[in-house]
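As a plain string of letters, each chain reads:
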Amino acid sequence: MTYPPGPTSTIAKLAQTRAFFRGPLREMEKMHARHGKAASLSIFGERVLFLFDPELIGEVLVDRGGAFVKDNVTHSLSYLLGEGLLTSELPKWRRQRRLIAPSLNRRHIASYGDSMVSAARRYVDTLVDGEVRDVHADMTAVTLEIVTETLFGAAFSGAEEIGAKMDVVMHNFERVVRSWRRLVPEWVPLKPRRQIAEAGAVIEAKVRGIIRERQESGCDGDDLLSRLLAARDESGEGMDEDQIYDEALTLFVAGHETTANALTFGLKLIAEHPEVDLKLKREVDAALGGRPAKAADLPQLPYTEAVFKEVLRLYPPAYLIGRESTAEVELGPFTVPKGTTVLISPWVLHRDRASFDDPMAFAPERWLDGRTEGVSRYAYMPFGGGPRICVGNHFAMMEGILTLATFVQHVRLERTSREELPLQFAVTARPARPLRMRVVRRTTLADAPSASH
Ligand code: HEM
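Quick caveat, the model's predicted, so the values are computed rather than measured. (Residues numbered from 1 in each chain as written. Predicted model: local features only at pLDDT ≥ 70, side-chain atom pairs only at ≥ 80, totals over all residues.)

Our focus in this paragraph is the overall build of the protein chain. A count of helical and extended segments in the protein chain gives 18 helices and 12 strands. Its C-alpha radius of gyration of 22 Å places the protein chain within 12% of the 22 Å reference for a compact globule of 453 residues. Expressed as a percentage of the 453 residues in the protein chain, the buried residues total 42%. In the protein chain, the share of contacts with a sequence separation of at least 24, taken over all contacts with a separation of at least 6, comes to 73%. (Helix = DSSP H or I, 4+ residues; strand = E, 2+ residues; numbered from the N terminus. Rg over C-alpha atoms; globule rule 2.2 N^0.38 Å. Buried ≥ 20, exposed ≤ 12 C-beta atoms within 10 Å, placed from the backbone. Contact = placed C-beta atoms within 7 Å.)

Before going further, it helps to examine the site of the ligand. Surrounding the ligand, one finds 24 residues, the nearest of these being A254, G255, G384, C390 and G392. If you list the elements that add at least two residues to the shell around the ligand, you get α13 (241–254), α14 (257–272) and α18 (393–410). For the shell around the ligand, a count of residues per class yields 15 nonpolar, 6 polar and 3 charged. (Near = placed C-beta within 6 Å. Nonpolar A, V, L, I, M, F, W, Y, C, P; charged D, E, K, R; others polar.)

With that out of the way, let us pick up the sheet that holds strand β4 (residues 132–134). Backbone hydrogen bonds hold the strands of a sheet together, and the pairing may be parallel or antiparallel. As summarised here, the arrangement of the 3 strands in space is β4-β12-β9, forming an open sheet in which the pairing is antiparallel. The open sheet has two edge strands with one neighbour each: β4 and β9 (411–415). Each strand axis lies, on average, 40° off the axis of its neighbour in the sheet, ignoring direction. Across 5 bridges, β9 lies against strand β12 (residues 436–441) in antiparallel orientation. Counterpart to V411 in the pairing with β12 is R441. Against the sheet, helix α9 (residues 135–152) makes contact with β4, β9 and β12, and its axis sits at roughly 60° relative to β4, the strand it touches most. (Pairing = 2+ DSSP bridges. Axes fitted to C-alpha atoms, helices over the stretch in contact; angles between N-to-C directions.)

Both strand β2 (residues 46–51) and strand β8 (residues 341–344) contribute to a ladder of 4 bridges, which runs parallel. Each residue of the ladder has a partner; that of L51, found in β8, is I344. Bridge count for strand β5 (residues 321–325) against β8 is 4 bridges, and the pairing is antiparallel. Each bridged residue has a counterpart across the sheet, and for E324 the counterpart in β8 is T341.

The subject of this paragraph is unusual backbone geometry. Following L90, the chain continues to P91 via a peptide bond in cis, the omega torsion being -5°. By the element assignment, P91 lies in the loop between α5 (78–81) and α6 (92–100). Unusually for a residue other than glycine, F44 sits at a positive phi of about 45°. Within the element layout of this structure, F44 appears in the loop between β1 (38–43) and β2. Despite not being glycine, D358 shows a phi value in the positive range, around 45°. You can see D358 is positioned in the loop between α17 (346–350) and α18. Taking the C-beta count within 10 Å as the criterion, D358 has 10 such neighbours and is therefore assigned exposed.

Time to look at α6. Listing the buried residues of α6 in full gives Q96, L99 and I100. Angularly, the buried residues of α6 cover 85° about the axis, an arc narrow enough to put them on a single face. In α6, those exposed residues whose orientation departs by more than 90 degrees from the buried face are R94 and R98. Tucked into the core, α6 has its buried residues touching α12 (224–230) and α13. (Arc of directions from axis to C-beta.)

Turning next to the nonpolar core. Of all hydrophobic cores here, the largest spans 118 residues; its most connected members are F50, L51, A248 and I401. Non-local contacts of A248, meaning those with residues more than four positions away in its chain, are made with L151, V207, I211, L225 and L228. (Core = buried A, V, L, I, M, F, W, Y, C linked by C-beta atoms within 7 Å.)

Looking now at the confidence of the model for the protein chain. For the protein chain, the mean per-residue pLDDT works out to 91, and 97% of the residues sit at or above 70. Confidence scores differ between elements of the protein chain, with helix α10 (residues 159–177) showing the lowest mean pLDDT of 82 and helix α16 (residues 302–314) the highest of 98. (pLDDT = per-residue confidence, 0-100.)

An order of β1-β2-β8-β5-β3 is seen for the 5 strands of this open sheet, with the pairing classed as mixed. At either end of the open sheet lies a strand with only one pairing partner, and these are β1 and β3 (68–70). When the angles between neighbouring strand axes are averaged without regard to direction, this sheet yields 30°. The sheet strands contacting helix α3 (residues 54–63) are β1, β2, β3, β5 and β8, and the helix crosses β2 at an angle near 125°.

On to the packing of helix α11 (residues 191–217) against α13, then. At a closest axis distance of 10 Å, the pairing of α11 and α13 adopts a crossing angle of 120°. Relative to α13, the element α11 is oriented oblique. In this structure, α11 meets α13 at a crossing whose hand is right-handed. Two secondary-structure elements touch here, α11 through V207, R208 and I211 and α13 through E241, I244, Y245, A248 and L249. (Parallel < 35°, antiparallel > 145°, perpendicular 65-115°, else oblique. Left-handed = near helix turned anticlockwise from the far one by under 90°.)

With that out of the way, let us pick up the packing of α14 against α18. Where α14 contacts α18, the two axes come as close as 10 Å, and the packing angle between them is 40°. Helix-helix and strand crossings are classified by hand; for α14 and α18 the assignment is right-handed. In this structure, α14 uses T258, T259, A262, L263 and G266 to contact α18, whose residues at the interface are A396, E399, G400, T403 and L404. A breakdown of the residues in the contact of α14 with α18 according to their chemical character gives 4 nonpolar, 5 polar and 1 charged.

We now examine the environment of L413. Tracing the backbone shows L413 in strand β9. With 30 residues separating them along the chain, L413 and F383 place their C-alpha atoms 27 Å apart. Those residues in contact with L413 that sit more than four places away from it in its chain are V135, L267, A271, M437, R438 and V439.

Given below as structure tokens:
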């Protein structure tokens, strides 16, 4: 029986666990450099396997997917999200996915394009030439508006309150899962758990309130909540209130911070690459001629799409995808015992020169000039892969493209410092500090910086 290599002595295991929690990306890159396709580590007694090989990853997510469930960190999110799509398992997950996926397919989400563009435009309109903004905080506010409007309708008030409570929940969730606290049984009321419960109760009251209101007023609207309420399975059954609540909250949580982080990283990269900014502006001006973007414009924005794909390559917000084996599994040359946590890092995969030439370069053209055509299906996976691929992936791509297009029409953002942005690897990868950028308002191509700068 072959098991992937890793540290053997207790001291070496502890040292590597500490290094992993302090800087997961750096540590995983080291493991990949040292051991190749796969490496192992025991984290607080839990057997963890890191996979760096696209073929083996495809086996875990698809071919041998039946032998894996989500990992225990994802499952512990059910403390907040109940049994929504993100945290549930078969057979429940399959029914839920069939009920929800149609509402998030390309055709259905086209009507959300206008909400995305209006939210981006409302934000752009607040920007004053020369002022310095915290772009991460701003993007969090913009994506919060987008997710609440598309999920609960334009009339919903309370997005900010839910957003603030959600911050409390996520912050405390981190404190539990990234420390010794994760070893303490769930019934022990540790302070972070109490804070999660208190903030969670406020969110629950608010969201259940709107679900009931909608049920009473009849659910013929166009927002996602109305579609969840109207969804029926093959036997004509819909979801009960608890299930609707879990799914609405899941979409809210999964669809908000990830896109905020991606847009933040995108604006940083565009500011650092004036030639990309210039090309973007040219494409957007040619496609839109100054009018607001719409979902129907997406085919005319291939470069903007390539930019967003490249942002998700270099800075995938979901930097770790976890599974746990429910049986002993043969994976290539390795035998993986039952109960092993398998971690897959899109971040490490996307920066691997075995798949991408000049992997650290921000080069959107690679998505248009054929260079990425031979890349393995599981070497680029910002949205995961297999049956549990992100159900919001089309939504997120549309949101990213339309929002970036709206920004470049009206403003350019400049970095105020040359320092590398420190990152925090929490549930998602995000800036560890505010990202301050200076606003330059523009109206014509002449306002874009010269590509030769
Ligand atoms: C750039 C933005 C986004 C990124 C990078 C992202 C990434 C991911 C990834 C990697 C997964 C798979 C996790 C796994 O296999 O364990 C996932 C699942 C999921 N995502 Fe996203 N996501 C994004 C935006 C969204 C949006 C906008 C929504 C909702 C509107 C959403 C809803 C979900 C849900 C519900 C799941 C669970 C799907 C299932 O298991 O059936 N995500 N996401």
